[in-house]
Amino acid sequence: MRRRLFTALSAAVAAVVLPLTTASPAAASPPTTSCQIEHEARIIFWGVACTQPGEPVIGAFATWRNVPITYTSGSTGDTTVSAANNLTMTPNTEGGLFANYVQVGLYAEKTGASTSTYGPRWTELGDSGGRTEAITAGTNPSKPDGTNHTYMVLRQDNTDQWDVLYDFNWVGTTTDQLAVPRGNANRIDIGLEVMGPQYLTFPQVANRVQYLAENKTWYRAATANTAQVASLGLCGQGNTAPYCFNMQLTDNTTFTQLAVAKPGPTTLQSADGTAGLEQRVPNGQSSAGTIPLVPRGTYNGVDQTALAACMAQDPDSCLTAVPGLAQCVQTVQKCNATALATKDTDAARTSASNVSGASREQILERAAASFGVPAQALDITSADSIATALSAAGSASTDAVWTVESSSSTHGLEQRDRLFHGFRATYSAVTGRLLDACWGTMCS
């Protein structure tokens, strides 16, 4: 049952975001049981950390680099092979195993014998279904070039819904999240989700996460309030590649960083089976080598030169280090002019790929596997182009597409036991990338 949202923040407080405090002031305990239950499915394998700070959370903010993901060559049969590194906010943990959530992160999938897709997207699971949308605006979002990117969810003042931001620009808003009752401790999960682990290698990714408390201060959660789940087991502890995770929290006191990796079938293990602390890139440079060219001056009150330098070197400090950024984010504006300058269309991505186009049969096969619906129960149509109202938010494409629909029962993209009525999914006809999807009444 939905409950009324707790009392809105005062206008005076809402206008200000206070500096990051190094550790949470709240005492709690790790959400071990809920984390294990939520991530016990054996279709998807998780290497995640779940943190529950012990006080209401109205925002979550994470950063990591675009790391390369590699796959074995050839066919994988009926097995879906994918990997995602996600920030997930569960606003109301009283919802149990299938609690509503909002998620934003990096998603990659093997789409053929020698083809794959890669890029950010955000997802919402609601009472009546779910939806997911690719994020196509930004600075090289679909390139595994080691570039830093940021992921954020912020609860709207005076509503139950959450805004989603990528690289400090708004990309979407939820529509079906539950109210958060007073005293309910929200949970934040971050880390890897893998399907078909025997076919892929995900190198170490360093996840850093902060949460926004009701007093509009950003905190790092206490390690004591954080649980870990490695559903394939930890490498070197009776588990070997490719069926294990390398995973380590790097601080015994504060959730500073979760370093996690999924070795492939031929990847050598470290002696102790752990993942190390990611090293900072010196001299303010990204791993790609240089800071991208950016507009000079300010944009929506944000110092763009300072933001570009911060994004390249230390993005988790940008909210306090970049003049005007915290205030811009709180108004859910476009705050990063560089990320708005280009559109990551599929046509632009083909130069870095041997993609020759996604066939009707390939799309039907993938949709059937992803949504758990027989191919003969699917309808598929093609279109030369698609341009939705979400294009301005950076969550749509303008390339040729395939659209797949069905009225059959489906688990959606959740891959669990809960069923919904029907789905609709749009795929790029150029790369086969899933551009957007909905299931249940979220398609209405």
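Since the structure is predicted, the reported quantities are computational estimates derived from the model, not experimental observations. (Residues numbered from 1 in each chain as written. Predicted model: local features only at pLDDT ≥ 70, side-chain atom pairs only at ≥ 80, totals over all residues. Heavy atoms only, no water.)

Peer 1: Give me the lowdown on the layout of surface pockets, citing residues and values where you can.
Peer 2: With a probe scaled to a water molecule rolled over the atoms, the places where space remains empty come into view. For the second largest pocket, the calculated volume is near 360 Å³. For the second largest pocket, the lining is made up of 18 residues, of which Thr-76, Gly-77, Thr-79, Glu-365 and Arg-366 are closest to its centre. Within the residue set of the lining of the second largest pocket, elements represented by two or more residues are β6 (101–110) and α8 (360–371). Looking at the lining of the second largest pocket, its residues break down into 3 nonpolar, 10 polar and 5 charged. (1 Å grid on protein atoms, 1.4 Å probe; cavity = no way out; pocket = protein on both sides within 12 Å on 5 of 7 lines; lining within 4 Å. Points joined across faces, edges and corners; volume = space filled by probe spheres on them. Helix = DSSP H or I, 4+ residues; strand = E, 2+ residues; numbered from the N terminus. Nonpolar A, V, L, I, M, F, W, Y, C, P; charged D, E, K, R; others polar.)

Peer 1: Got a sec to walk through the pairing of strand β23 (residues 434–440)? Specific residues and values, please.
Peer 2: Note on strand geometry: in a regular strand, side chains alternate between the two faces of the sheet. Along β23, 6 of the 7 residues are buried, which leaves the element largely enclosed by surrounding structure. Note: strand β8 (residues 129–134) against β23, 5 bridges, orientation antiparallel. Of the residues in β23, the one forming a bridge with Thr-132 is Ala-437. In the sheet, strand β22 (residues 420–428) pairs with β23 via 5 bridges, with the strands oriented antiparallel. Each residue of the ladder has a partner; that of Arg-424, found in β23, is Cys-438. The loop that links β22 with its antiparallel partner β23 comprises 5 residues; one of these, Gly-432, has a positive phi angle of about 85°. (Buried < 20%, exposed > 50% of the residue type's maximum accessible area, 1.4 Å probe, protein only. Pairing = 2+ DSSP bridges.)

Peer 1: Describe in detail α8, supporting the description with residues and values.
Peer 2: Residues separated by three or four positions in an α-helix point in the same direction, a consequence of the helix having 3.6 residues per turn. Between its first and last C-alpha, α8 extends 16 Å over 12 residues, near the 16 Å set by a 1.5 Å rise per residue. Residues of α8 that are buried: Ile-363, Leu-364, Arg-366, Ala-367, Ala-368, Ser-370 and Phe-371. If you follow the buried residues of α8, they end up packed against β6, β20 (379–383), β21 (401–410), β22 and β23. (Expected span 1.5 Å × (residues − 1). Contact = heavy atoms within 4.5 Å.)

Peer 1: I'd like a description of the nonpolar core, backed by residues and values.
Peer 2: Residues Leu-87, Met-89, Val-104, Val-153, Ile-188, Phe-202 and Phe-255 are the most contacted members of the largest nonpolar core, which totals 44 residues. The element best represented in this core is strand β13 (residues 200–213), accounting for 6 residues. If sequence neighbours within four positions are ignored, Val-153 has contacts with Ile-58, Gly-59, Ala-60, Met-89, Val-102, Val-104, Trp-162, Asp-163 and Val-164. Among the nonpolar cores identified, the runner-up in size contains 21 residues, and Ala-367, Phe-371, Ala-429 and Trp-439 belong to it. (Core = buried A, V, L, I, M, F, W, Y, C linked by side-chain atoms within 4.5 Å.)

Peer 1: Got a sec to walk through the pattern of salt bridges? Specific residues and values, please.
Peer 2: Going through the model one piece at a time under the given rule, you end up with 5 salt bridges. Across the salt bridge formed by Arg-131 and Glu-133, the nearest N and O atoms sit 3.5 Å from each other. With a relative accessible area of 6%, Glu-133 lands in the buried category. The salt bridge involving Asp-316 is made with Arg-220; its shortest N-O contact spans 3.6 Å. Taken together, the positions of Asp-316 in the loop between α3 (304–313) and α4 (318–321) and Arg-220 in the loop between β14 (217–219) and β15 (226–230) put the pair 96 residues apart, joining distant regions of the chain. Here the residues in one salt-bridge network are Glu-124, Arg-131 and Glu-133, joined through shared partners. (Salt bridge = Lys/Arg side-chain N within 4 Å of Asp/Glu carboxyl O.)

Peer 1: For the state of the cysteines, give the residues involved together with the corresponding values.
Peer 2: Scanning the model with the defined rule gives 5 disulfides in all. In this model, Cys-310 is linked to Cys-318 through a disulfide, with the two sulfur atoms separated by 2.2 Å. Negative torsions about the S-S bond denote left-handed disulfides, and the value of about -120° found for Cys-310 with Cys-318 makes this one left-handed. For Cys-438, the disulfide goes to Cys-443, at an S-S distance of 2.1 Å. Where Cys-438 bonds to Cys-443 through sulfur, the torsion about that S-S bond is close to 115°, and the disulfide is right-handed. (Disulfide = S-S within 2.5 Å.)

Peer 1: Outline the packing of aromatic side chains, listing residues and values.
Peer 2: Evaluated as defined, the whole model comprises 7 aromatic pairs. The interplanar angle of 35° and the centroid separation of 5.7 Å between the aromatic rings of Tyr-211 and Tyr-219 together place this pair among those described as tilted. Here Tyr-211 matches Tyr-219 in class, with each residue buried. Connected via pairs of aromatic rings, a cluster forms that spans Phe-61, Phe-168 and Trp-218. Looking at Arg-121, its charged tip hangs above the ring of Tyr-107, at a distance of 3.6 Å from the centre. (Phe/Tyr/Trp six-rings, centres within 6.5 Å; stacked < 30°, edge-to-face > 60°. Lys NZ or Arg CZ within 6 Å of the ring centre and 35° of its normal.)

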